Amino acid sequence: DAKTTQPPSMDCAEGRAANLPCNHSTISGNEYVYWYRQIHSQGPQYIIHGLKNNETNEMASLIITEDRKSSTLILPHATLRDTAVYYCIVKEGAQKLVFGQGTRLTINP
Amino acid sequence: DAGITQSPRHKVTETGTPVTLRCHQTENHRYMYWYRQDPGHGLRLIHYSYGVKDTDKGEVSDGYSVSRSKTEDFLLTLESATSSQTSVYFCAISEKREVIYEQYFGPGTRLTVT
C-alpha cells in the first residue's frame, strides 16, 4: 500500500476554504485515495474517495493531480464543527484501512 | 448515522482479567472490524471479519481473539488483559459499494487496565 504524507497540523478561519494536502508519490494504478476525519472522542467518519478524477459530494471536494502523486481535500466553507483530525489513506481495497497520523485541522472563529 | 453500537462504552478492569467488548450492527453489512487507537499510533487494525465465522488477523492481533456467530455481532476478547491494552477500541462495518468498501465506525469503547 502506498504511503501518505500529510502536514501534522493546519489552521483555517471560519467561513474560509480549508485545503488539506496529501502526498502519495508511490501510489499504484489501482489504488484509491480515501479521506476520513475524526472529531474529538468520536469514531472516524468517511468523507470522500477518488481514483483519478476530481470528486465532490455534500461534505467536500477531492482534487487529485494528473500524475496522482498528490491530492487535496477541500472543505469549501469551514465551520467550527470541521475541527478534527483528517486522514488521507491510499489503498486498493478499503477493507483494511491503514490510518497514519493525519492532519489536525483547527478552525478558528 | 450507521447503526453501530459498542458496549460497554467505558470499562476499567484489572490486569489478568478477561474482557469482552461487543460490537452490534443493524445494517446487515458483511464486513466488521476492530481497531485500537493510541496516542502516537493512529488507528491500528486488530482483527476483522468477512462473514459469519470468518475472521482474520490485523496488524496488532496478539493478545486478542474475536468471534462472529451472527452477522450483527462481532466480539473482541482480551483473554488476560494487560496494561498495554489500555486504549480506545473502535468497531467498524463495511459493505461493498461499487468497487470500494466505505467503512462506518462505532462510537468507541474506552478500556483502562489497571
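In this text the structure is predicted, and so the values were computed from the model without any measurement.

**What about the pairing of strand β5 (residues 42–51) of chain B?**
Residues and elements named next belong to chain B. Most of β5 is tucked away, with nine of its ten residues classed as buried. Sheet analysis places strand β4 (residues 31–38) next to β5, joined by seven bridges and oriented antiparallel. The residue of β5 that forms the bridge with Tyr-35 is Leu-45. Counting the residues between successive antiparallel strands, the hairpin from β5 to strand β6 (residues 54–57) contains two residues, one of them, Lys-53, with a positive phi of roughly 65°.

**Section: the pairing of strand β3 (residues 19–25) of chain B**
Residues and elements named next belong to chain B. Residues of β3 alternate between two faces, with Val-19, Leu-21, Cys-23 and Gln-25 buried on one and Thr-20, Arg-22 and His-24 left unburied on the opposite face. Strand direction decides the pairing type here: strand β1 (residues 4–7) and β3, joined by four bridges, are antiparallel. Bridge pairing links Ser-7 to Arg-22 in β3. Of the strand pairs in this sheet, β3 and strand β8 (residues 73–78) are connected by six bridges, and their pairing is antiparallel. From the neighbouring strand, Leu-21 faces β8, where its bridge partner is Leu-76.

**Details of the sheet that holds β8 of chain B**
All names here are of chain B. Pairing is antiparallel in the open sheet, where four strands are placed in the order β1-β3-β8-β7. Edge positions in the sheet fall to β1 and β7 (64–70), since each of these pairs with one other strand and no more. With strand direction ignored, the average angle separating the axes of adjacent strands in the sheet is 20°. In this sheet, β8 lies alongside β7 in antiparallel orientation, the contact comprising five bridges.

**So, unusual backbone geometry**
Residue and element names in this part refer to chain B. At the junction of Ser-7 and Pro-8, the peptide bond is cis and its omega measures out at -10° in the coordinates. For Pro-8, the position within the fold is in the loop between β1 and β2 (10–13). We note that Asn-28 has phi near 60°; this positive angle belongs to a residue other than glycine. Among the secondary structure elements, Asn-28 is positioned in the loop between β3 and β4.

**A word on the pattern of salt bridges**
Residues and elements named next belong to chain B. By the definition in use, this model includes five salt bridges over all chains. Among the salt bridges present, the one from Arg-22 reaches Asp-73, with a minimum N-O distance of 3.1 Å. Placement of the pair is Arg-22 in strand β3 and Asp-73 in strand β8, with a sequence separation of 51 residues. In this structure Asp-73 comes out as buried when scored by relative accessible area, which is 8%. For Asp-38, the salt bridge goes to Arg-36, with nearest N and O atoms at 2.8 Å. This pair shows no difference in class: Asp-38 is buried, exactly as Arg-36 is.

**Re the nonpolar core**
In this structure, Trp-35, Leu-73, Tyr-86 and Leu-105 of chain A are the most contacted members of the largest nonpolar core, which totals 21 residues. Listing elements by their share of this core, those giving two or more residues are β2 (18–23), β3 (32–38), β4 (45–50), β6 (61–64), β7 (70–75), β8 (84–91) and β9 (103–108) of chain A. Per-element accounting of this core gives the leading share, four residues, to β8 of chain A. Ignoring sequence-local partners within four residues, the contact set of Tyr-86 of chain A consists of Gln-6, Leu-20, Trp-35, Tyr-36, Arg-37, Ile-47, Leu-73, Leu-75, Gly-102, Thr-103 and Leu-105 of chain A. The next biggest cluster of nonpolar side chains, apart from the first, holds 19 residues, and it includes Tyr-36 of chain A together with Tyr-33, Tyr-35 and Val-88 of chain B.

**Points about the environment of Leu-111 of chain B**
All names here are of chain B. With respect to the secondary-structure elements, Leu-111 resides in strand β11 (residues 109–113). A C-alpha to C-alpha distance of 26 Å links Leu-111 and Arg-30, two positions 81 residues apart in sequence. With residues near it in sequence (within four places) discarded, Leu-111 still touches Lys-11, Thr-13, Val-19, Leu-78, Gln-85, Thr-86, Ser-87 and Tyr-89.

**Side note on the sheet that holds strand β1 (residues 9–13) of chain A**
Residues and elements named next belong to chain A. An order of β1-β9-β8-β3-β4 is seen for the five strands of this open sheet, with the pairing classed as mixed. The outermost strands of the open sheet, each flanked by one partner alone, are β1 and β4. On average, each strand axis in the sheet is inclined to that of its neighbour by 25°, with strand direction left out of account. Bridge analysis of β3 against β8 gives seven bridges, and the strand direction is antiparallel. Looking at the pairing, Val-33 lines up with Val-90 of β8.

Conventions used here
- Residues numbered from 1 in each chain as written.
- Chains lettered and ligands numbered in written order.
- Predicted model: local features only at pLDDT ≥ 70, side-chain atom pairs only at ≥ 80, totals over all residues.
- Heavy atoms only, no water.
- Buried < 20%, exposed > 50% of the residue type's maximum accessible area, 1.4 Å probe, protein only.
- Helix = DSSP H or I, 4+ residues; strand = E, 2+ residues; numbered from the N terminus.
- Pairing = 2+ DSSP bridges.
- Axes fitted to C-alpha atoms, helices over the stretch in contact; angles between N-to-C directions.
- Salt bridge = Lys/Arg side-chain N within 4 Å of Asp/Glu carboxyl O.
- Core = buried A, V, L, I, M, F, W, Y, C linked by side-chain atoms within 4.5 Å.
- Contact = heavy atoms within 4.5 Å.

Distances and angles like these do not, on their own, reveal function.
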